[in-house]
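One letter stands for each residue in the lines below.
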Amino acid sequence: MGNLWDGFDSESGSESLAHESAPEHGDWANSCTGQLIQWLPGSVWDLYTYHRHTDDSLPWTLISVEDPDWIRIRARRCNFLLHTELEQNRRACVPCQKLANSAEFKRFMSNASKDLKRFTPIRYLNQRQLRQMYLSTHKKFNDLKLKSLNSARRIKSLRKRVTEGQQLVMLMSKHKIASVSRILSVALRNGASPAAIHEKLEMAISGAYAPRSKWTDRELDVAFLIKSAAGSRLLYTLQREDGYPSGTMLYRRKNIPELRVSVGIPNAIEINKNIETFLGSITGRQGPETLSRGQTVMIDGLALEEVPRYDLKHNHVIGLCREHSGRADDVKRTVNTIQDLDNLADALEKDTTHRGKDGTVLGLAPISADENYFVSPLVLSGSCKSETGNDILIWITTFVQCYYASPHGRMRHGDLTNIATDGESSFRKMRFLFGYTEDLDRESKLGELLYRLPGFNCQTGIHQIITTCDPKHVIKRFATMIRSPTGIQIGDTQITAEHIFEALTRWGKMPRDKAHQLLHPADKQNVPKAVNLLQSLFDLEKLNLDREHLPSLWKHFREITFLARVLSYFLFPFVDVEMSLAHQIQSISTFAHLITAMFQKHKTSFLTSALIADSQAIAKSVIFNTARLQIVDPESRYYILFEGTNRLEGVFSHARTQDHARNFDILQLAQKLSIGAEVNAIFQRYPDLDCGHIRRNLAKAQGVDHVNPKSWIGDVHVKNVDIKAEYYTGRDKANTLLREHFGEDAGYACDFDKLFSDANLDHLRPGGSGYIGYRSCAEEGEIEDDSGIAHGALTSNEYITGARAASGSEEEHPEPDVSEFDDPQDTLDPGSREYDDATIEPMEETLNPEMEKNATHYIIFEGRRLFKPELISRRLSSDSARKVTIRPLRAQGVSVSEMLNRRLQVLNQSREDGTEADTVKVGDLGAALTRIGNDVCLAIVEVLNFRQTKSKNINLTAVDTNDLDFASKTGTTIAVQILDLAPAPSADKPLTWIWTRKYIQLQPSKDGTRSQRHLAIRIPGMLFFPLGPDVIYEKDSDAPRWSLKDSELKEVMDCAWEALSPDSNEILNNLEALPLINGAGLPYRYCIDRVWEKTFVVDLPPEINLAKKDGKDEIECFICAAKTQLRNMRKHVGKHILLALRRFQDRSVKAGREVGIDPCGWCGRDGCKTQLSSTSVRGKNKLSVTSNCPFHYDKMIYSRAAILSTGNSSTNVPALCPLCPIGLNEQGTTFWKYKLNYHMATFHLTEAGELPRCPPSLLIQGHISQQEDVANGLNPMITKGWREKNKFPDSDAIADLVKLEEAQLLEGAHRESRKRAPSEVSHISTASRRPSPTKVQRRELR
């Protein structure tokens, strides 16, 4: 054991392990030596934590190490001196002795023997533990170092990948790579690296690589949508730019369902095939979620180009009419030889069969839906429009049977509920024949509901199918009825278009131009205009009028507002988007009861039978469908805006706008309908591609036409409708309106319970004697015309007087053509039988390439192969096959061949023997009289082009002035624009008119755009008077202006008026020949005392504008004072004239009265002007009579009046003289038949005072038979004596003349190549009427 103070350095005063407060040297014997303790953990050098003593945290100090296993320690509180014996014996003080058993020392010793623990502070670790920690840390370091190296490698690899990805992103961001998704898909599927992908993209950018993976159905469908919506050029662009499938790939891979065209009457095979194609599970539309809602059948037609085509798949000709097909004696429709083709051509020439001018389409759509309510076409057939309702019923019944029998029909899409058509009479009759054959079962739930509605018709067709009409057609016909000059009977008042015009302009403060536009009958198919007209009339009710200021017009106003309210109850449910289904049914019920009540008073004078039948059918359909849906699907929404065929009209509009060809033949129509159906099917398969309908804000909108479900605001859930309550409320509202308007005692308000107590009387049978509108319009004596377009612009004179509708039907006039048309398609030579090699570009006969051309598709003729489709289209086409694309002209049936002559190059034909002064050229100015309403005024015009009969409608740049004098002979017409002139008054110079550099708009434009038809018009050459204006230049403008003197223009106006022969009978027809202007710039006006006055207006004689009386009016005869109806006055007066002609005493003539020398056939007096006009309408000669006589009966049927019969004792009618000069309207002078001798003696005596030789036709026309004399009380001997005295042939001679004339006509027909000799009839030159044109003078304004 070492000494206690070993290690103490006395010289340096330092110690290694000794306490710093050691005892003095003299006390060492009694001093404490510390406590000797055995170190049990092991070696003290290895396990003792020496560094714990550096901070004096231990309660002892280490004095010495006696052995590796023993240590001597001293307490921090050591006494140093030993005081007791015990301490001396142990050589340690008490504090040091206690250290061995202290808890802290034991813990210190115990921790030294333990292994290293995690998170132990390093100051508590001994050497072994530190060594262990070092070794452990070193191992971890090596592990982490290895991991770090691995991570570095991984980071390097990832950094490389990130760099490659960034490079790919940068590459794709800098370049538009086509099919990038398909390139990546192929590369990833093949496990390509990013570098390989980058390389592929680089190759794709350079065009050296394109993926060859299979196209998905969605990609093909999207490409099909692009091609069908925008055409092949956009698809090619997107294919090059974005990698879409090419057109060739689309044609090979995309199979389009094709609509099969019916060869004749649609049969079960054709119908079943189309049902499978468009309704089946493979290629057809998806079935509805709820089959119980049902489907609507829609039938409508549209105009076709009359070009027969050949169906390669089924080996027959299509495009011929179904009416004359399928008969036993019908010509064969398959063409295998040239003889077959010739037989078909001969059948067309002989009219045993016809080309289809109208394509009838039958489509199917859900009765109501929020989405996917498009129409699927199922039947397409050509028609010549001669089909009857019974004929249509046959194939409609076939379709219904096929639909219910097919697994793709009723089982997949549900029952048929409606058959809807337009308002055509044959379709209407079919609806009655099909939809009113069975009574609804009273015991059924539907029957229990509907039989409780008095007056509701509960008859249906098979399978409880009902028939209905299109509401839009009814609304259009409401507007046509309002515009018609026929008038509407309301109470004791006849409402005409004149009253409507006055109501809109005077009371409604509507501008006259807008009122003219709404009442213009030009476009009867314009639904927005019809809706706008009805809404404008309805708005009149809101006006507050002062009765004292409008006493004579107040009654008319009240009747018009009543009419507007009645029609509004039908209109608003289809256009007011805020109406709920309950309010719609209530409104429709009100309308149905109103027109039923009005029928009881006015029959069809208020509404025609066709309008009543169609509108009541719609009302029935709406209520019937609502009741049925309440039973089968009460949670459904029912949109009545889907009523009718409006959705099918949308299909037609899509067909016309799929490409630039707005017209099509039947094969092209089938392809376009197929494409449209496939587009709808794609949108149904991929709803995310369909933008759907836009929710439009249509609340309080005017002129609403097409409305979609998203735009409808009102609640249309069928469960929220109490049908019975709304039906009765509508009935009460109808009676309330009738009482308010007509009064309680007028009898218009109906006791409907009593009225409908008759089992055979309801809304569709208001007369109780059968369904109204069942017979055709011709049988009912009504005129219904939903098509056609009026010529020119409407003026107030047209729709107020109705002069052009006097005969009861509208005339079709050729549209004035001064516009340029697009180049028409290649025309075919239908009459040629030379079968040369086809020169037509190959037609795309099928949508899908599943059939390649083979030997059966060709005809061998003289060793040459002729392709059937091209050959048939050339051989069987007609001159009228290709229709123009302008809708109004297409509605008139104008063909491209007619327009070709208008489209040919302008000819610069000048007279070789004339001078420039005798020529009128394009750009020259002239004057012409025009009609603006009831005014005739002068218009200054600029020439656009000329046309003459001999030029075959080719535009000419110049004509001789003599051609204008003889315009009726040369057929010269001039296209002109009217100049807008402004007065330039001067204090020291005469009044002049300056051109404002503007042209007057001839008619208003609907959308603000102006085309040539708004600014130009074609006039007869005889109305044109050349002018010699001055050319002036203003200081502030380099552009010259025309200047015309006021005095010269007034002279020209007087000459122009005299040229119309105002004192002759021709004046009436001459006025009709004047162009009608509806612009705001005429008449010209100038200011006098701050008031703008009209100028250059002709003062018309007052007798020209006499009002016409009604045919039933009782009037007094001017000759005998007897009263008779106007329609019988001609016969009555004819007896007076005939007796005077035969020199027989007429005892009925009153004293002081006598028959005139040249008596009017209407009244028997002298001085009346009557003119007969003969026009050609659709190849038929049409005669019309105009007159200023107060007894003129404008509804006289000329053909009946000219024939002696039991009801017609006088054939004294106006006739045209073939010897008289032709007037401005290309008509001869008119004379009355009984006064032929007077006319000849007055106008056609020779220089010797003798009558000329009358043409046989004139003698036949003026012949009065002996039977006619007897019918008017004359003895046959008087007739014989008169004829002998006046050398007039008898009836036998007239019969011989008739036979002779027929023989001459027959001979002339066989000698078509022989030219007719020029007429020997002289024409009076009117050169004197034209002022000498002055030279253009140029002068500077100072």
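Structural notes, computed from the coordinates.

Conventions and cut-offs
- Residues numbered from 1 in each chain as written.
- Predicted model: local features only at pLDDT ≥ 70, side-chain atom pairs only at ≥ 80, totals over all residues.
- Heavy atoms only, no water.
- Phe/Tyr/Trp six-rings, centres within 6.5 Å; stacked < 30°, edge-to-face > 60°.
- Helix = DSSP H or I, 4+ residues; strand = E, 2+ residues; numbered from the N terminus.
- Buried < 20%, exposed > 50% of the residue type's maximum accessible area, 1.4 Å probe, protein only.
- Lys NZ or Arg CZ within 6 Å of the ring centre and 35° of its normal.
- Salt bridge = Lys/Arg side-chain N within 4 Å of Asp/Glu carboxyl O.
- Axes fitted to C-alpha atoms, helices over the stretch in contact; angles between N-to-C directions.
- Left-handed = near helix turned anticlockwise from the far one by under 90°.
- Contact = heavy atoms within 4.5 Å.
- Nonpolar A, V, L, I, M, F, W, Y, C, P; charged D, E, K, R; others polar.
- Disulfide = S-S within 2.5 Å.
- Arc of directions from axis to C-beta.
- Patch = residues over 30% accessible without salt bridge, like charges linked within 9 Å, V, L, I, M, F, W, Y side chains within 5 Å.
- Areas by Shrake-Rupley, 256 points an atom, 1.4 Å probe, with all protein chains shown as cover.
- Lys, Arg positive; Asp, Glu negative; His and termini not counted.
- Charge placed at Lys NZ, Arg CZ, Asp CG, Glu CD.
- Parallel < 35°, antiparallel > 145°, perpendicular 65-115°, else oblique.
- Expected span 1.5 Å × (residues − 1).
- Polar contact = N/O pair within 3.5 Å; in protein donor to acceptor, adjacent residues only side chain to side chain.
- Pairing = 2+ DSSP bridges.

**Regarding the packing of aromatic side chains**
Ring pairs (aromatic) are described by centroid distance and by the angle formed between their planes.
Then comes step 1: On inspection of all chains with the given rule, the structure shows 31 aromatic pairs.
Then comes step 2: For the pair Tyr373 and Phe642, a centre-to-centre distance of 4.6 Å together with 45° between the ring planes defines the contact as tilted. You can see Tyr373 sitting in the loop between β9 (358–366) and β10 (376–383) and its partner Phe642 sitting in the loop between α23 (609–632) and α24 (646–657), a full 269 residues away along the chain.
Then comes step 3: For the ring pair Phe478 and Phe570, a centre distance of 5.7 Å and an interplane angle of 85° mean the geometry is edge-to-face. With Phe478 in helix α17 (residues 471–483) and Phe570 in helix α21 (residues 554–575), this pair connects stretches of sequence that are 92 residues apart. Phe570 shares its class with Phe478; the two are buried.
Then comes step 4: In this structure, Arg442 packs its charged tip against the face of Tyr451, placed 3.9 Å from the ring centre.
Then comes step 5: When the ring centre of Phe1118 is taken as reference, the NZ or CZ atom of Arg1165 above it lies at 3.7 Å.

**Some words on the pattern of salt bridges**
Then comes step 1: Under the definition given, this model contains 26 salt bridges.
Then comes step 2: Among the salt bridges present, the one from Asp415 reaches Arg410, with a minimum N-O distance of 2.5 Å.
Then comes step 3: The shortest N-O distance in the salt bridge between Arg431 and Asp614 comes to 2.4 Å. Remark: Asp614 occurs in helix α23 and Arg431 occurs in helix α15 (residues 425–435); sequence separation between them is 183 residues. By the burial criterion, Arg431 is buried, and Asp614 matches it.
Then comes step 4: Each of Asp221, Lys254, Glu678 and Arg685 takes part in one network of salt bridges that share partners.

**Let's talk about the packing of helix α22 (residues 581–602) against α23**
Then comes step 1: With their axes 10 Å apart at the nearest point, α22 and α23 run at an angle of 145° to one another. The chirality of how α22 crosses α23 is left-handed. Side by side, α22 and α23 meet where Leu581, Ile585, Ile588, Phe591, Ala592, Ile595, Thr596 and Phe599 of the first sit next to Ile612, Ser615, Gln616, Ala619, Val622, Ile623 and Thr626 of the second.
Then comes step 2: In terms of residue class, the contact of α22 with α23 is made up of 11 nonpolar, 4 polar and no charged.

**Some points on the state of the cysteines**
By definition, a disulfide links the sulfur atoms of two cysteines through a covalent bond.
Then comes step 1: Counted by the stated rule, this structure contains 0 disulfides.
Then comes step 2: As a non-bridged cysteine, Cys1220 has Cys1217 as the owner of its nearest cysteine sulfur, 3.5 Å distant.
Then comes step 3: Overall, Cys1220 belongs to the buried group, its relative accessible area being 7%.

**Re helix α4 (residues 103–113)**
Then comes step 1: Taken as a whole, α4 has its buried residues at Phe105, Phe108, Met109 and Ala112. Burial along α4 is one-sided: seen end-on, the buried residues are contained in an arc of 95°.
Then comes step 2: Where α4 is buried, its residues meet β3 (35–38), α1 (44–47), β4 (60–67), β5 (70–75), α3 (94–99) and α5 (127–174).

**Describing unusual backbone geometry**
Then comes step 1: Positive phi, close to 65°, is recorded for Asp351, a residue that is not glycine.
Then comes step 2: Mapped onto the elements of the fold, Asp351 is located in the loop between α12 (338–349) and β9.

**Topic: a negative patch on the surface**
Then comes step 1: On the surface, Glu1048, Glu1051, Asp1054, Glu1058 and Asp1063 cluster together into a negatively charged patch.
Then comes step 2: Mapped onto the elements, Glu1051 comes out in helix α36 (residues 1046–1059).
Then comes step 3: Looking at Glu1051, the relative accessible area reads 54%, which means it is exposed.

**A short note on the packing of helix α8 (residues 217–230) against helix α9 (residues 232–242)**
Then comes step 1: One way to put it is that α8 packs onto α9 with a least axis distance of 7 Å and a crossing angle of 140°. For the element pair α8 / α9, the angle class is oblique. Between α8 and α9, the residues in contact are Ala223, Ile226, Lys227 and Ala230 and Ser232, Leu234, Leu235 and Leu238, respectively.
Then comes step 2: Here the residues of the contact of α8 with α9 sort into 6 nonpolar, 1 polar and 1 charged.

**Focus: helix α38 (residues 1126–1141)**
One turn of an α-helix holds 3.6 residues; hence residues three or four places apart share an orientation.
Then comes step 1: Between its terminal C-alpha atoms α38 stretches 23 Å, which fits the 22 Å expected from 16 residues at 1.5 Å a residue.
Then comes step 2: Listed as buried for α38 are Leu1126, Met1129, Arg1130, Lys1131, Val1133, Gly1134, His1136, Ile1137, Leu1138, Leu1139 and Leu1141.
Then comes step 3: Where α38 is buried, its residues meet β31 (1114–1116), β32 (1123–1125), α39 (1198–1201), α42 (1266–1271) and α43 (1276–1285).
Then comes step 4: Where α38 terminates, the next one or two residues include Arg1143, which has phi positive at roughly 60°.

**Observations concerning the side chain of Lys1233**
Then comes step 1: Along the polypeptide, Lys1233 turns up in the loop between β36 (1230–1232) and α40 (1236–1243).
Then comes step 2: In this structure the side chain of Lys1233 is engaged in a polar contact, spanning 2.8 Å, whose partner is the side chain of Thr1211.
Then comes step 3: When near neighbours in sequence (up to four residues on either side) are disregarded, Lys1233 contacts Thr1211, Asn1212, Val1213, Gln1261, Gly1262, His1263, Ile1264 and Glu1268.

**Overview of the sheet that holds β10**
Then comes step 1: As summarised here, the arrangement of the 5 strands in space is β10-β9-β6-β11-β14, forming an open sheet in which the pairing is mixed. If you trace the sheet from one side to the other, it starts and ends with β10 and β14 (466–469), each paired once. Mean inter-strand twist for the sheet, computed between neighbouring axes without regard to direction, equals 25°.
Then comes step 2: Relative to strand β11 (residues 416–421), strand β6 (residues 295–303) runs parallel, the two being bridged by 4 bridges. Its bridge partner lying in β11, Gln295 is registered against Leu416.
Then comes step 3: Those strands touched by α23 are β11 and β14, and its axis lies near 130° from that of β14.
Then comes step 4: Together, β6 and β9 form the strand contacts of α24, whose direction differs from that of β6 by roughly 45°.

**Brief notes about the sheet that holds β3**
Then comes step 1: The sheet built from 3 strands is open, its strands ordered β3-β5-β4 with antiparallel pairing. Only two strands of the sheet have a single neighbouring strand rather than two, namely β3 and β4. Taken pair by pair, the neighbouring strands of this sheet meet at an average axis angle of 30°, ignoring direction.
Then comes step 2: Of the strand pairs in this sheet, β3 and β5 are connected by 4 bridges, and their pairing is antiparallel. Looking at the pairing, Gln35 lines up with Ile73 of β5.

**Considering the environment of Asp690**
Then comes step 1: Here Asp690 is to be found in the loop between α25 (666–685) and α26 (723–742).
Then comes step 2: Assessed through its relative accessible area of 31%, Asp690 is described here as partly exposed.

**Describing the side chain of His602**
Then comes step 1: Here His602 lies in helix α22.
Then comes step 2: Polar side-chain contacts of His602 include one of 3.2 Å to the side chain of Tyr748.
Then comes step 3: Every residue in contact with His602, bar those within four places of it in the chain, is listed here: Gln489, Ile490, Gly491 and Tyr748.

**Remarks on the pairing of strand β20 (residues 925–932)**
Then comes step 1: Within β20, 8 of the 8 residues are buried, which leaves the element mostly enclosed by the surrounding structure.
Then comes step 2: Where burial is concerned, the two faces of β20 agree: the one with Leu925, Ala927, Leu929 and Arg931 and the one with Gly926, Ala928, Thr930 and Ile932 are both buried.
Then comes step 3: Across 8 bridges, β20 lies against strand β21 (residues 935–947) in antiparallel orientation. Residue pairing in the sheet places Thr930 in a bridge with Cys937 of β21.
Then comes step 4: In this sheet, strand β26 (residues 1025–1026) lies alongside β20 in antiparallel orientation, the contact comprising 2 bridges.

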